Amino acid sequence: MSLVRLRPLLLFVPIALVGCGGGAATETGQTTETTGDGDGDPGDGDGDPGDGDGDPGDGDGDGDGDGDGGPSQICEDLGLPIDVRLEGTGSGWGDVAGDFSVETTFGPWSMADSFSGCDSYVFVNHLANGTSDSLRNSFNAELFSRAPHNVHWFFLNSDADPAAGAEIWQTKIGQSLASLDQAEIDFWSERVHFVTQAPSAITGSLGQFYAANPTAMVAAIDRFQQWEYPNSTSDTGGGSFAQTAPVLAYTPRYYNFRHAQELELAAQADVTEVALLDQVEFPPDGPGGQDGPFANNFNNQIWTASFPDAAAMDGFDTMEMVVTGECGPSPGDDCGHWDYEAFVHWCDTQACDGEVREVFRWITPYARAGVRKWVFDTTPMLGLVAAGGDQHFRFGMRWNMNPSTWDMRFRLRNTGRPGGASKTLVPAFTGNKGFNDNYNDWPSVEFTPPANATKVEFVALISGHGQETSNCAEWCNHQHEFTVNGASSYTREFSGDVANQRCGEAADEGVVPGQWGNWTPGRAGWCPGQPVQPWIVDITDDVTLGQPNTLDYVGMFGGVPVTGSRGRILLSSYVVYYE
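Rules behind the numbers
- Along each chain, residues carry numbers from 1 onward, in the same order as the chain's sequence is written.
- In keeping with the model being predicted, local features are shown solely for residues with a pLDDT of at least 70 and side-chain atom pairs are shown and tallied solely at 80 or more, while totals for entire chains, interfaces and linings include all residues.
- Side-chain measures here rest on the full set of heavy atoms in the structure, leaving out hydrogens and waters.
- Counting from the N terminus, the helices are DSSP H or I runs at least four residues long and the strands are E runs at least two residues long.
- Buried means the residue's accessible area, taken with a 1.4 Å probe over protein chains only, is under 20% of the maximum for its type, while exposed means over 50%, and partly exposed covers the values in between.
- Here, two residues are considered to be in contact whenever any of their heavy atoms come within 4.5 Å of each other.
- Surface accessibility in these figures is a Shrake-Rupley result with a 1.4 Å probe; residues are shielded only by whichever protein chains are displayed.
- A strand pair is defined by DSSP finding two or more bridges across the two strands.
- Take the buried residues of types Ala, Val, Leu, Ile, Met, Phe, Trp, Tyr and Cys, join any two whose side-chain atoms come within 4.5 Å, and each joined set is a nonpolar core.
- The predictor rates its confidence in each residue with pLDDT, a number between 0 and 100.

Enquirer: I'm lost on the overall build of the protein chain in this one. Help?
Expert: Regarding its fold elements, the protein chain presents 13 helices and 29 strands. Across the 579 residues of the protein chain, 55% fall into the buried class. Across the protein chain, the fraction of contacts at a sequence separation of at least 24, relative to all contacts at a separation of at least 6, is 76%. Accessible area for the protein chain stands at about 21600 Å²; split by element, carbon and sulfur atoms hold 49% of it.

See below:
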């Protein structure tokens, strides 16, 4: 009998029920039915939550909500692919985590016995200091409401008495779960584990990890079965920074995104890769300070990528850019501290002293150690490199370059896109301008698409920055109206972007979680740690092929042309001809 079953003073009643209502339950998923008499008690198959009938949290002991006892059922229920368990390779960040076994308040639990093939694992270790106290006190139901179902949570203690610490954790998590509905309580009761051993005394890879990393307050095993550092557990919540446990829920959601991203890239057929940067290290210029470290020796450097010849390029209709940056292990000493505007420009000369076009843009995460990976849709920019051969690009960040090891690769393929491939880009409205009384001095743009064009698109990268009147243009909604031939208007606005937790919720879309700054609130057109994806409008029906056409633009706030001083707008836009 575990301690929790004997101590009603522990406030986690739901888990106590899971532990005793179905007989001798352990966390390996084995349950001996003692109340299956058809009277409606938990575990008797009557169709109520917690009864083994297939509902979420069904009391079968495997935590997958299916009633069949198979750990991988959760993957099938969620539509997730099932990976095989790997042998461990080490205890460092990025190493493959091997099997481990822990003693918990519910008995033994092992990774091998409960391995589903789609779970991630998050470990929270109380370090007997004020920060750990604050983090433990911040746990509430929101963590579980935000979290995906394919995650196990482990609560550990580096205190003098780990078993007593496990009781404290169980009480706190019980209070956190109590406000959820019964099905969710039952589900999560099988996926929260209160470890009674000292971390370094744990058998297997987890003990080895904590022996090597004794001060790790948070750690994780991601969907690739690799050790990963979740980084910061603070959030602003609209105010000052504080330890905020629910922000940890974005970490396993991000792991799901990254796993799906890798599978999607691997599934793409007949891809031609062109490297712009091949694992190039940008080391810090010097020691990190309050705002840095920086790698400004590399900022705005020109890099050359060698594309196939023009004939081969003519066979591609799709182009993406995959950017990988890795920094660490220390966020403060090894990674850029701020949310910098990062960009790659195409240059028509090797010196980049002629025509320049922005190909893609992203905003860097706040000092987030580890591997970050982004995929940019650069298909409309394919016309810039249609001639093939050596092409030149400038990689920079506004203000300061982040130290990292950078890898950038164009991926070219033919997907049979309707309308053919991008062949020509006509620059439209481009600038980094104050969003103020003088903003709308843009001249009309005249363009003449070829008579044989199969499609004409308007493509724009738009993001708002600065905190001036009305907290614009980073933290306010603004509108950008583009009018073709004085008749057809298209508006890009950010009415839903500036919202609390929008960027946190966008971990499902690749926003890097665990940043050391106020990363969770939504901005106008961007999030820290995410690409600024192009806004693309098909204007084929609005133009006359082979004849001059016009494009006009006005920036607005509150539905009228902007006035006052409202930050700045970073804008690059093009008319793109497809053939």
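Enquirer: I'm lost on the pairing of strand β1 (residues 100-104) in this one. Help?
Expert: On a regular strand, each side chain points to the face opposite its neighbour's, so the side chains alternate between the two faces of the sheet. In β1, alternate side chains face the same way, and those of Phe100, Val102 and Thr104 are buried while those of Ser101 and Glu103 on the opposite face are not. Across 2 bridges, the pairing between β1 and strand β6 (residues 203-204) is antiparallel. Bridge pairing in β6 links Phe100 to Gly204. Sheet topology places β1 next to strand β2 (residues 107-110); 4 bridges connect them, and they run antiparallel. Within β2, the position partnered with Ser101 by the bridge is Ser110. Adjacent in sequence and paired antiparallel, β1 and β2 are bridged by 2 residues.

Enquirer: Would you take a moment to explain the nonpolar core for this structure?
Expert: Generally speaking, soluble globular proteins have nonpolar side chains that are buried together. By size, the foremost hydrophobic cluster in this structure holds 83 residues, and its most contacted members are Trp153, Phe307, Trp362, Phe393, Phe395, Trp406 and Met408. Not counting residues within four places of it along the chain, the set of residues in contact with Met408 comprises Val274, Ala275, Leu276, Leu277, Met321, Val322, Val323, Val344, Trp362 and Phe395. Counting residues in hydrophobic clusters, the runner-up holds 30 residues, among them Ala428, Ile462, Ala524 and Val543.

Enquirer: Help me understand the sheet that holds strand β17 (residues 388-397), please; the structure alone is not making it clear to me.
Expert: Hydrogen bonding along the main chain pairs the strands of a sheet, whether they run parallel or antiparallel. Here we have 5 strands laid out as an open sheet, ordered β12-β17-β14-β15-β25, and antiparallel in their pairing. This sheet does not close on itself; its edge strands, each paired only once, are β12 (301-309) and β25 (530-531). Note: β12 against β17, 8 bridges, orientation antiparallel. Looking at β17, one finds that Thr304 is bridged to His392.

Enquirer: Explain the confidence of the model for the protein chain here, please?
Expert: When pLDDT is low, close inspection of the predicted coordinates is not appropriate. Residues at a pLDDT of 70 or more form 88% of the protein chain, whose mean pLDDT is 89. Contacts of residues 1-67 to residues separated by more than four positions or lying in other chains number 148 contacts, the stretch itself having pLDDT below 50.

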